[in-house]
Amino acid sequence: MAKHRIYSMSFGTIYPLYIAKAEKKGRTKAEVDEIISWLFGYDVQTLQEALDKGKSFEDFIKESPMKNPLRSLITGKVCGVQVDTIEDPLMREIRYLDKLIDELAKGKPMEKILRSVPPT
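Residues numbered from 1 in each chain as written. Predicted model: local features only at pLDDT ≥ 70, side-chain atom pairs only at ≥ 80, totals over all residues. Heavy atoms only, no water.

Participant: Just to check I follow, could you spell out helix H3 (residues 29-40) for this structure?
Facilitator: Since the α-helix packs 3.6 residues into each turn, any two residues three or four apart lie on the same face. With 12 residues, H3 extends 16 Å between its outermost C-alpha atoms, agreeing within 8% with the 16 Å of an ideal straight helix rising 1.5 Å per residue. Among the residues of H3, Glu 31, Val 32, Asp 33, Ile 35, Ile 36, Trp 38, Leu 39 and Phe 40 are the ones counted as buried. The inward-facing, buried residues of H3 abut helix H2 (11-24), helix H4 (44-53), helix H5 (57-62), helix H6 (89-105) and helix H7 (110-113). Positive backbone phi, approximately 85°, marks Gly 41, located one or two places after H3. (Helix = DSSP H or I, 4+ residues; strand = E, 2+ residues; numbered from the N terminus. Expected span 1.5 Å × (residues − 1). Buried < 20%, exposed > 50% of the residue type's maximum accessible area, 1.4 Å probe, protein only. Contact = heavy atoms within 4.5 Å.)

Participant: What is the right way to look at the packing of H2 against H3 in this model?
Facilitator: To describe two helices that pack against each other, one gives the angle between their axes and the distance between the axes. It is the contact of H2 with H3, at a shortest axis distance of 8 Å, that shows an interaxial angle of 125°. Considering their axes alone, H2 and H3 lie oblique with respect to each other. The element H2 and its partner H3 pack so that their crossing is right-handed. Across from Phe 11, Tyr 15, Tyr 18, Ile 19, Ala 22 and Glu 23 in H2, the residues of H3 making contact are Lys 29, Val 32, Asp 33 and Ile 36. For the contact of H2 with H3, a count of residues per class yields 7 nonpolar, no polar and 3 charged. (Axes fitted to C-alpha atoms, helices over the stretch in contact; angles between N-to-C directions. Parallel < 35°, antiparallel > 145°, perpendicular 65-115°, else oblique. Left-handed = near helix turned anticlockwise from the far one by under 90°. Nonpolar A, V, L, I, M, F, W, Y, C, P; charged D, E, K, R; others polar.)

Participant: Would you mind going over the packing of aromatic side chains with me for this structure?
Facilitator: The description of two aromatic rings rests on the distance between their centres and on the angle between their planes. This structure, assessed with the given rule, holds 5 aromatic pairs. Look at Phe 40 and Phe 60: their rings are 6.0 Å apart centre to centre, the planes differ by 75°, and that puts the pair in the edge-to-face class. Linking Phe 40 in helix H3 with Phe 60 in helix H5, this pair joins segments that are 20 residues apart in sequence. Classification of Phe 40 by relative accessible area gives buried; the value is 0%. A relative accessible area of 0% means that Phe 60 is categorised as buried. Residues Tyr 42 and Phe 60 carry aromatic rings whose centres are separated by 4.3 Å and whose planes lie at 5° to one another, so their mutual orientation is stacked. Taken together, the positions of Tyr 42 in the loop between H3 and H4 and Phe 60 in helix H5 put the pair 18 residues apart, joining distant regions of the chain. Every member of this aromatic cluster is reached through a ring pair, and the members are Phe 11, Tyr 15, Phe 40, Tyr 42, Phe 57 and Phe 60. (Phe/Tyr/Trp six-rings, centres within 6.5 Å; stacked < 30°, edge-to-face > 60°.)

Participant: Help me understand the pattern of salt bridges in this model?
Facilitator: Any two side chains of opposite charge can pair, so long as their charged atoms come close to each other. In total, this model carries 9 salt bridges according to the counting rule given. Linking Glu 58 and Lys 62 is a salt bridge whose minimum nitrogen-to-oxygen distance equals 2.9 Å. Here Glu 58 and its partner Lys 62 are both found in helix H5, 4 residues apart, which amounts to about one turn of the helix. Arg 115 is the partner of Glu 103 in a salt bridge, and the nearest nitrogen-oxygen pair spans 2.7 Å. Here the residue Glu 103 occupies a position in helix H6, and Arg 115 occupies one in the segment after H7, the gap between them amounting to 12 residues. Note on accessibility: Glu 103 and Arg 115 belong to one class, buried. Each of the salt bridges in this network shares a partner with another, and the network as a whole consists of Glu 103, Lys 108 and Arg 115. (Salt bridge = Lys/Arg side-chain N within 4 Å of Asp/Glu carboxyl O.)

This is the structure:
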């Protein structure tokens, strides 16, 4: 089975598209960065290093500092596909990020985007 083309694309090529989508709807680069940090554990410095190294999307995800265990709470559709039913783990991670960026662009509050769980 052939790999998806997006896996080999530089994350640095896709990252500005996420920012543009957010800014077009009045959101910020900082919010995009916060989503990436929450989902994959990158801080500002490690994110910039990954961009500077030209990491592929696949390597960006596979080498992420820490995947958030709450990412499994992300549900819904992206491009007509239910994200929580995607079998390919790498594609599911990509679609999780796409879904969160979509929610940001739709004006959802960051607390809801980041699946903040109220204390029990």
